[in-house]
Amino acid sequence: MDVNPTHGPLYIGDIEIRWLQGGFFHLDGGTMFGPVPKVLWQRRYAVDNDNLIPMCNDPLLVRTGDMNVLIDTGIGNKLNEKLRAIYKVTSSWDVPAQLIAAGLTRHDIDLVLLTHCDFDHAGGILMLTEEGEKELTFPEALHIIHKREWEDVKNPNSRAESTYLPENFDLLETSGRLELVEGETTLCPGITVFHSGGHTRGHQVVEIQSLESTAIHLGDLCPTHAHLNPLWVMAYDNFPLDVIARKEEYLKKYREKDSWFTFYHDPFVRACKLAADGTLTKTW
Ligand SMILES: [Zn+2]
């Protein structure tokens, strides 16, 4: 399977979705497929001799016509050399330049939706400028985070400490650009977030709807197309039984609507549609 060469947008009715380059890294396949035997997952996802699998961290730029919305922010440009080596970062976060290529600047983003606050999703909230100053990457945007997720960012348990990095949030907290939400919230016409939990306590998913078309972004409940089987959870999932229950629920609901399922970490399949038996009927 090749890295998806598609650079064109996916349309959901009148809404346009593009994937921006948020940093490419490599994670251990065992942790990414948790309880699944390697003999099964290696048929579905590329793996190298060090048991590492390739993954992008690509924010979705969602343009409704009135609003420019970003789902998650990529790994950012603040990772030190040690972390870049640990995660084998092979291509850097390039979101501001990619926005310019799409005809926008980082000042044109109206909303940043965080599915959750792990560093690979929240690392681009704050960026280092060429002068080495740290600032909000999207200074005009309202940043939407679930209230429970924010509680865990402020008071992480020992497992979360290494991923809820304070350097990704310190300026956001005092900026007036943070909005905490609970439950189901429609943020603008066509874009709704729901609390899911599962991967983290405050994880949320995003529904995109326009005309008769729908897309569902399950964030890290379903990081790649190889995780569509509800039982294929990650060792990184904090509440795996909740991941399984939510995936079963959302897969049924959105498959029946003939929705697109979109992915953040999958460089091979950006989005897909599913048949009732779970096979991929369309890919993007
Ligand atoms: Zn992730």
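Here the structure is a predicted model, which is why all the values come from computation and not from measurement.

Here we have three strands laid out as an open sheet, ordered β4-β3-β7, and antiparallel in their pairing. Every other strand in the sheet has two partners, leaving β4 (52-56) and β7 (91-93) as the edge strands with one partner each. In this sheet, adjacent strand axes meet at a mean angle of 40° when their direction is disregarded. As judged from the two bridges shared by strand β3 (residues 22-28) and β7, these two strands associate in the antiparallel manner. Paired with phenylalanine 24 across the strands is serine 91, a residue of β7.

Glancing now at the environment of arginine 255. Here arginine 255 lies in helix α8 (residues 240-256). Here arginine 255 falls in the partly exposed class, since 19 other C-beta atoms lie within 10 Å of it. Setting aside residues no more than four positions away along its own chain, arginine 255 makes contact with Leu274 and Ala276.

So, about the nonpolar core. Soluble, globular proteins show a tendency: their nonpolar side chains are buried together. Val62, Val112 and Leu113 are the most contacted members of the largest nonpolar core, which totals 70 residues. The greatest single-element share of this core, amounting to four residues, is contributed by α8. Filtering out sequence-adjacent residues up to four positions away, leucine 113 remains in contact with Val69, Ile71, Ile144, Val193 and Val206.

Time to look at unusual backbone geometry. Backbone geometry places asparagine 51, a non-glycine residue, at a positive phi of 70°. Among the secondary structure elements, asparagine 51 is positioned in the loop between α2 (38-41) and β4. With a phi close to 50°, leucine 211 is a non-glycine residue in the positive phi region. Mapped onto the fold, leucine 211 is located in the loop between β15 (204-210) and β16 (213-217).

The strand order across the open sheet built from seven strands is β1-β2-β5-β6-β8-β11-β12, with neighbouring strands paired in mixed fashion. The two strands at the open ends of the sheet, each matched to only one other strand, are β1 (10-12) and β12 (178-181). Adjacent strand axes in the sheet meet at a mean angle of 25°, parallel and antiparallel pairs treated alike. In this structure, strand β6 (residues 68-71) lies alongside strand β8 (residues 111-113), joined through three bridges in parallel fashion. The residue of β8 that forms the bridge with isoleucine 71 is leucine 113. Its contacts with the sheet put helix α6 (residues 147-154) on β11 (142-146) and β12, and the angle it makes with β11 is roughly 90°.

Criteria and thresholds
- Residues numbered from 1 in each chain as written.
- Predicted model: local features only at pLDDT ≥ 70, side-chain atom pairs only at ≥ 80, totals over all residues.
- Pairing = 2+ DSSP bridges.
- Helix = DSSP H or I, 4+ residues; strand = E, 2+ residues; numbered from the N terminus.
- Axes fitted to C-alpha atoms, helices over the stretch in contact; angles between N-to-C directions.
- Buried ≥ 20, exposed ≤ 12 C-beta atoms within 10 Å, placed from the backbone.
- Contact = placed C-beta atoms within 7 Å.
- Core = buried A, V, L, I, M, F, W, Y, C linked by C-beta atoms within 7 Å.

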